[in-house]
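As a plain string of letters, each chain reads:
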Amino acid sequence: MIRIANVKAPLDLAPDGLVALAAHRLNLPVQSVLSARVAKKSVDARDKRDVHFVLTLDVALRADEQRVLRRLPSGVQASLLAPAKAVPSRRLASAPQPRPVVVGAGPAGLFAALALARAGACPLLLERGEDVQTRTQRVQAFFAGGAFSPQSNVQFGEGGAGTFSDGKLTTGIKDPRCRTVLDVFVSHGAPEEILYQQKPHIGTDRLAAVVRGIREEIVRLGGEVRFRARLCALHVRGGRVAAVAYETPEGMREEAARAVVLAIGHSARDTFEMLLDLGVPLQPKPFSLGARIEHPQRVIDRAQYGAFAGHPALGAADYKLAVHLPSGRDVYTFCMCPGGEVVAATSEAGGVVTNGMSAFARDGENANSALLVGISPADFPGDHPLAGMQLQREWERRAFRAGGGDYRAPAQRVEDFLLGRESAALGAVRPTYRPGVTPGDLRACLPGFVTEAMREAIPLLDRRLHGFAMPDAVLIGPETRSSSPVRILRGEDGQSVGLPGREPAGESAGYAGGITSAAVDGLRAAERVLHALAPETF
Ligand SMILES: Cc1cc2nc3c(=O)[nH]c(=O)nc-3n(C[C@H](O)[C@H](O)[C@H](O)COP(=O)(O)OP(=O)(O)OC[C@H]3O[C@@H](n4cnc5c(N)ncnc54)[C@H](O)[C@@H]3O)c2cc1C
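Rules used in this analysis
Residues numbered from 1 in each chain as written. Predicted model: local features only at pLDDT ≥ 70, side-chain atom pairs only at ≥ 80, totals over all residues. Heavy atoms only, no water. Buried < 20%, exposed > 50% of the residue type's maximum accessible area, 1.4 Å probe, protein only. Helix = DSSP H or I, 4+ residues; strand = E, 2+ residues; numbered from the N terminus. Pairing = 2+ DSSP bridges. Axes fitted to C-alpha atoms, helices over the stretch in contact; angles between N-to-C directions. Domains from an automatic or database assignment. Buried area = accessible area lost by both parts, 1.4 Å probe. Salt bridge = Lys/Arg side-chain N within 4 Å of Asp/Glu carboxyl O. Polar contact = N/O pair within 3.5 Å; in protein donor to acceptor, adjacent residues only side chain to side chain. Phe/Tyr/Trp six-rings, centres within 6.5 Å; stacked < 30°, edge-to-face > 60°.

## Some thoughts on the pairing of strand 9 (residues 240–248)
Of all the 9 residues making up strand 9, 7 are buried; the element is thus mostly covered by neighbouring parts of the structure. Taken together, the 7 bridges between strand 8 (residues 230–237) and strand 9 define a ladder with antiparallel strand orientation. By the bridge assignment for strand 9, Leu234 is matched with Val244. Two successive antiparallel strands, strand 8 and strand 9, enclose a turn made up of 2 residues, where Gly238 displays a positive phi of approximately 60°. When strand 9 meets strand 10 (residues 251–256), the two strands line up antiparallel, connected through 6 bridges.

Printed below as a string of structure tokens:
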């Protein structure tokens, strides 16, 4: 098998055209190529008159591969593809007593529990929220104007924070475990294309089934998953973790534990407070504040793909923009959701928080993205380890009041925002946020230095993406939870500083950001637990 990189392909290339494309690239007769499949796929839209795909192809030949490689046409990048090495599966001789405990069923916790279960460690997974089906019904009812649940919402519940998301799996980390994460998703029903797309995504409509499938595998392998089980204390004996205490609808429960993977995400404010009371070292860390911005998707498609906008092979276009302002502030777009909707992402009663999600098809009318301003602990009100969290909460509550006190979010037309005037009404862009928005002034729900930086940045970003500053685009805010405002300090061994047995993982550790990196961090935490249990095997 050989791999050919940088193969230009037209947008309307049929799947059975791959063999001919590979043969053409290698300057061989079509009959010499046994098969060709896509290993990587991206869109090249730099020249709007020539938007095309760029493929990496894995090709099996009838001809002698070494000979073909020696005689490659000039400009062709190809190499021999080493067969994948089978990784021997390693298992514990017997299930450990006490069993490892994983707290939080987001990507970090689910993948930690899965790796532990696959190794025969029969973990207990505790999740404060509900199973993904019940949670989905509750969240949809809240979006429709129903009651808010502080334990089962867009942040909390099986699947974690990314369940109501675009399911983007792009990550900046280079770690071989990323492939494991994708393989697990596909084996549980995610679309196979995530294995080769340059910017893979699953979509919220498919994520729920994938998450349920991972949980079912954990249980099938001897693990236990308890929902509506909120960790509220860690008991320490002899300087290390000895037990966990958790609250359930039936009352308090306790479980002996020598290894606890804490995968609680960035919104478990009560749990951060509990850890601080316990003396666990927490450190404030930079995060970002801003708002969601919504445009018609067709404006983004046109800006990115020119005359090719709307081509069925391209789907909805995305964007990623950033600007460094003379003031020193960084303003950037984040978690862009093509054809998606803006979601109500609070985890606390009396707060308004925005975020975004899309279905796999990304076929909604609007595009949305966070427009964020980076802030540092110097911007926090004081040097308390949880000062960033207090800042988030303060502005989320102000937004709740500004929205009308019923979970509607404050919204403003971009033109009004730039002119510094309140929006009395919205224009042609219909906001997707449910339960609804209240036209007004974003200055009521974000600090002045944040709105100032956004105001300065929007016209600059419009130069890079024509239409970004369109007058009727809508800003909905505040977006406060794009990453953790606090870091649980980890030592060299990955464990919490000063408390052996506790493994902070994922967003809660402040070292991961996004579904894939959190899942990878969960796998790493599981590996550390397994190594401690059986160093000769793991
Ligand atoms: C609406 C939305 C859209 C997003 N879109 C994307 C995207 O497209 N792509 C991407 O890469 N990232 C996205 N993210 C970010 C991504 O979801 C997070 O980075 C990721 O989920 C972090 O994983 P985690 O496992 O560390 O934490 P989380 O996913 O936050 O999971 C933590 C879990 O712990 C549980 N928990 C907390 N405290 C306790 C306790 N005391 N006891 C028991 N359980 C507890 C919570 O209920 C939660 O289920 C999005 C986030 C949101 C909110």
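Further notes follow.
## Comments concerning the sheet that holds strand 7 (residues 224–226)
The strand order 7-6-5-11-23 describes an open sheet built from 5 strands, whose pairing is parallel. This sheet does not close on itself; its edge strands, each paired only once, are strand 7 and strand 23 (502–504). Between one strand axis and the next, the sheet turns by 15° as a mean value, whatever way the strands run. Where strand 11 (residues 260–262) lies against strand 23, 3 bridges are found, and the strand directions are parallel. Its bridge partner lying in strand 23, Val261 is registered against Glu503.

## Points about the sheet that holds strand 10
On the basis of which strands lie adjacent, the open sheet formed by 3 strands has the order 8-9-10 and antiparallel pairing. This sheet does not close on itself; its edge strands, each paired only once, are strand 8 and strand 10. For this sheet, the mean angle separating the axes of adjacent strands, direction not counted, is 25°.

## Topic: the domain arrangement of the chain
The domain architecture assigned to the chain consists of domain 1 (2–80), domain 2 (101–283 + 485–533) and domain 3 (286–479). Inter-centroid distance (C-alpha atoms) of domain 2 to domain 3 is 27 Å. Each partner contributes to the roughly 2700 Å² buried at the junction of domain 2 and domain 3, and carbon and sulfur atoms together form 60% of this total. Among the residues of domain 2 in contact with domain 3, Phe143, Arg269 and Pro485 are the three that bury the most area, contributing 29% of the side total. Taken together, the connections running from domain 2 to domain 3 amount to 4 salt bridges. Close ionic contact of Asp166 with Arg362 constitutes a salt bridge, the shortest N to O distance being 2.6 Å. On inspection of domain 2 and its partner domain 3, the count reaches 14 residue pairs in polar contact (both at pLDDT 80 or more). Elements with a contribution of two residues or more to the side of domain 2 that touches domain 3: helix 4 (132–143), helix 6 (204–220), helix 7 (269–277) and strand 12 (282–284).

## A short note on the environment of Ser508
When you line up the elements, Ser508 lands in the loop between strand 23 and helix 12 (515–533). A residue is classified by how much of its surface remains accessible, and Ser508, at 0% relative accessible area, is buried. Sequence separation between Ser508 and Ser484 is 24 residues, and the spatial gap between their C-alpha atoms is 6.8 Å.

## Points about the packing of aromatic side chains
Where two aromatic rings form a pair, the distance of their centres and the angle of their planes describe that pair. What the rule picks out here adds up to 9 aromatic pairs. When the ring of Phe142 is compared with that of Tyr407, the centres are 5.2 Å apart and the planes differ by 80°; the resulting orientation is edge-to-face. Of the two residues, Phe142 sits in helix 4 while Tyr407 sits in the loop between helix 9 (387–403) and strand 19 (409–413), which places them 265 residues apart along the sequence. Their ring planes at 85° and their centres at 5.8 Å tell us that Tyr319 and Phe468 sit as a pair that is edge-to-face.

## With respect to unusual backbone geometry
Here the bond from Gln97 into Pro98 is cis, since omega is -5°, no more than 30 degrees from zero. Positionally, Pro98 belongs in the loop between strand 4 (77–80) and strand 5 (101–103). Geometrically, the link from Gly477 to Pro478 is a cis peptide bond, its omega value of 0° lying close to zero. Structurally, the position occupied by Pro478 is in strand 21 (residues 474–479). Even without being glycine, Asn6 reaches a positive phi, approximately 55°. Mapped onto the elements, Asn6 comes out in strand 1 (residues 2–9). Phi at Asn27 takes a positive value of approximately 60°, unusual for a residue other than glycine. Within the element layout of this structure, Asn27 appears in the loop between helix 1 (18–26) and strand 2 (33–44).

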